[in-house]
Amino acid sequence: LGDRPGPLKVQQVAIPYLGGLAVLAGLLASGWTRVLGGELPVAVVLPLAVAFALGAGDDWRDLPVGVRVLGELGAGVALAWALPTRLGAAGWPLVVAVELLLVNGVNLLDGLDGLAGSIVAGCCAGFALLLGGSGRLGALAALGAVAGFLLYNRPPARIYLGDAGSYLLGTVLALLVVESWRSGTPAATSLGACLCVAVPAAEVGWAIIRRQRSGLPLLAGDRGHSYDRLAARGWRVGAIALVAGSLQLALGLCGLGASHAGTLVAAIVVGAAAVALLAGAAVAGLLSPLPKKS
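Residues numbered from 1 in each chain as written. Predicted model: local features only at pLDDT ≥ 70, side-chain atom pairs only at ≥ 80, totals over all residues. Heavy atoms only, no water.

### Here we look at the overall build of the protein
Tallying secondary structure elements over the protein gives 12 helices and 2 strands in all. Tracing the protein from N to C terminus, the helices and strands come up as β-β-α-α-α-α-α-α-α-α-α-α-α-α. Its C-alpha atoms give the protein a radius of gyration of 18 Å, near enough to 19 Å, the size a compact globule of 294 residues would have. With the C-alpha coordinates of the protein rotated into their principal frame, the extents come out at 55 × 40 × 35 Å. By residue count, 49% of the 294 residues in the protein fall in the buried class. The long-range fraction of contacts in the protein, counting pairs at least 24 apart against all pairs at least 6 apart in sequence, stands at 75%. Here the protein displays about 13,000 Å² of accessible surface, and carbon together with sulfur accounts for 69% of that area. (Helix = DSSP H or I, 4+ residues; strand = E, 2+ residues; numbered from the N terminus. Rg over C-alpha atoms; globule rule 2.2 N^0.38 Å. Buried < 20%, exposed > 50% of the residue type's maximum accessible area, 1.4 Å probe, protein only. Contact = heavy atoms within 4.5 Å. Areas by Shrake-Rupley, 256 points an atom, 1.4 Å probe, with all protein chains shown as cover.)

### Some remarks on the state of the cysteines
By the definition in use, this model includes 0 disulfides. No disulfide involves Cys124; its sulfur sits 6.6 Å from that of Cys123, the nearest cysteine. No disulfide involves Cys194; its nearest neighbouring cysteine sulfur is the one of Cys196, lying 8.9 Å away. Classification of Cys194 as partly exposed rests on a relative accessible area of 34%. (Disulfide = S-S within 2.5 Å.)

### Examining the environment of Gly111
If you trace the backbone, Gly111 turns up in the loop between α4 (92-109) and α5 (115-130). Given a relative accessible area of 23%, Gly111 falls into the partly exposed group. Spatially, the C-alpha atom of Gly111 lies 8.5 Å from that of Asp228, the residues being 117 residues apart in sequence.

### Regarding α5
Over its 16 residues, α5 runs 23 Å from end to end, which matches the ideal 22 Å to within 8%, given 1.5 Å per residue. Counting buried residues in α5 gives 15 out of 16 residues, a clear majority hidden from the surface. (Expected span 1.5 Å × (residues − 1).)

### Some details on empty space enclosed by the protein
Tallied over the entire structure, the rule returns 1 cavity of 30 Å³ or more. A volume near 30 Å³ is recorded for the largest cavity. Lining the largest cavity we find Ala80, Leu83, Pro84, Thr85, Gly88, Gly91, Trp92 and Val95. Per-class residue counts for the lining of the largest cavity are 5 nonpolar, 3 polar and no charged. (1 Å grid on protein atoms, 1.4 Å probe; cavity = no way out; pocket = protein on both sides within 12 Å on 5 of 7 lines; lining within 4 Å. Points joined across faces, edges and corners; volume = space filled by probe spheres on them. Nonpolar A, V, L, I, M, F, W, Y, C, P; charged D, E, K, R; others polar.)

### Regarding helix α9 (residues 198-214)
Helix length check: α9, at 17 residues, gives a terminal C-alpha distance of 24 Å against a target of 24 Å (1.5 Å per residue), a fit within 8%. Every buried residue of α9 is listed here: Ala198, Val199, Pro200, Ala202, Glu203, Val204, Trp206, Ala207, Arg210, Arg211 and Ser214. Following α9 by one or two positions, Gly215 has its phi on the positive side, about 75 degrees.

### Details of the nonpolar core
Counting 65 residues, the largest nonpolar core has Leu115, Phe127 and Leu173 as the members making the most contacts within it. When near neighbours in sequence (up to four residues on either side) are disregarded, Phe127 contacts Ala139, Leu173, Leu176, Val177, Ala193, Cys196 and Val197. (Core = buried A, V, L, I, M, F, W, Y, C linked by side-chain atoms within 4.5 Å.)

### Some remarks on unusual backbone geometry
Residue Pro156 is reached from Pro155 by a cis peptide bond, and omega for that bond is -10 degrees. Residue placement: Pro156 occurs in the loop between α6 (133-153) and α7 (162-179).

### Remarks on the pattern of salt bridges
Applying the stated rule across the entire model yields 5 salt bridges. Note that Asp222 is salt-bridged to Arg211, the shortest N-O span being 2.6 Å. Residue Asp222 is located in the loop between α9 and α10 (226-232), and its partner Arg211 is located in helix α9; the two are separated by 11 residues in the primary sequence. The two residues Asp222 and Arg211 agree in class, both being buried. Across the pair Asp228 and Arg223 runs a salt bridge, and its minimum N-O distance is 3.4 Å. (Salt bridge = Lys/Arg side-chain N within 4 Å of Asp/Glu carboxyl O.)

Okay, structure coming up:
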């Protein structure tokens with residue numbers, strides 16, 4: 001399987017996109033076969049398997065939007081069933097929403113060599129510091145798998161994640177967020193976890209705003225992503241990946257600090273970070289409408 005050049009692609013030649021399979025192998029080899037030391041139920045493998053299979057199907061043959069959305073909903077329901085939160089049944093819609101947000105966030109960011117991997121590595125590093133027990137082990141396992149993939153995905157990339165990889169990693173991040181919502185976890189830690197996935201979440205929000213302002217369907221692809229616009233201004237690919245990954249790591253560290261400051265302070269920090277990301281994107285011109293085609 002290979003990702004061929006096209007109007008929404010940046011590469012000039014076909015690049016293999018079985019990187020998701022390599023990431024999956026890395027996860028299995030680094031501890032997920034033991035279901036994170038036996039601290040998590042075996043059922044957590046189900047949403048990962050659903051997400052990977054859905055992405056692999058999309059890589060093999062472009063799936064209709066409706067099929068993709070149904071598959072993502074299915075992965076979210078499987079995650080809510082496998083990993084109960086302190087909210088009980090009332091938490092299921094939130095878990096499904098987080099799955100949809102992060103699967104699409106990582107997928108949107110997977111458009112430049114090393115970018116999605118660098119950002120996910122920053123996310124996992126934040127979770128490794130924020131969480132304990134099974135959550136920390138899972139974050140470290142994912143960080144190791146992504147780091148191994150980045151050796152071959154750094155510019156110029158020799159392999160891509162593909163949808164199988166981006167859907168898988170989005171689900172891994174969703175699982176780590178939900179892990180922070182389990183019974184016994186302080187509310188401040190749950191809030192801090194939001195900052196550990198701030199960049200993928202922000203990319204979805206920016207895309208929605210940009211497409212609405214451009215008069216485009218929300219599910220339509222475009223070349224106006226934050227990284228597309230930075231590249232058009234002359235930023236080097238490696239610099240974009242490094243800055244984005246560093247930004248995500250810095251936000252994760254803010255989440256770690258907020259988790260030790262109490263629930264109210266954590267909520268204020270998360271809210272301030274969301275406002276700062278939106279304002280920064282607006283000032284940088286990342287939310288402006290796409291130019292009309294003549």
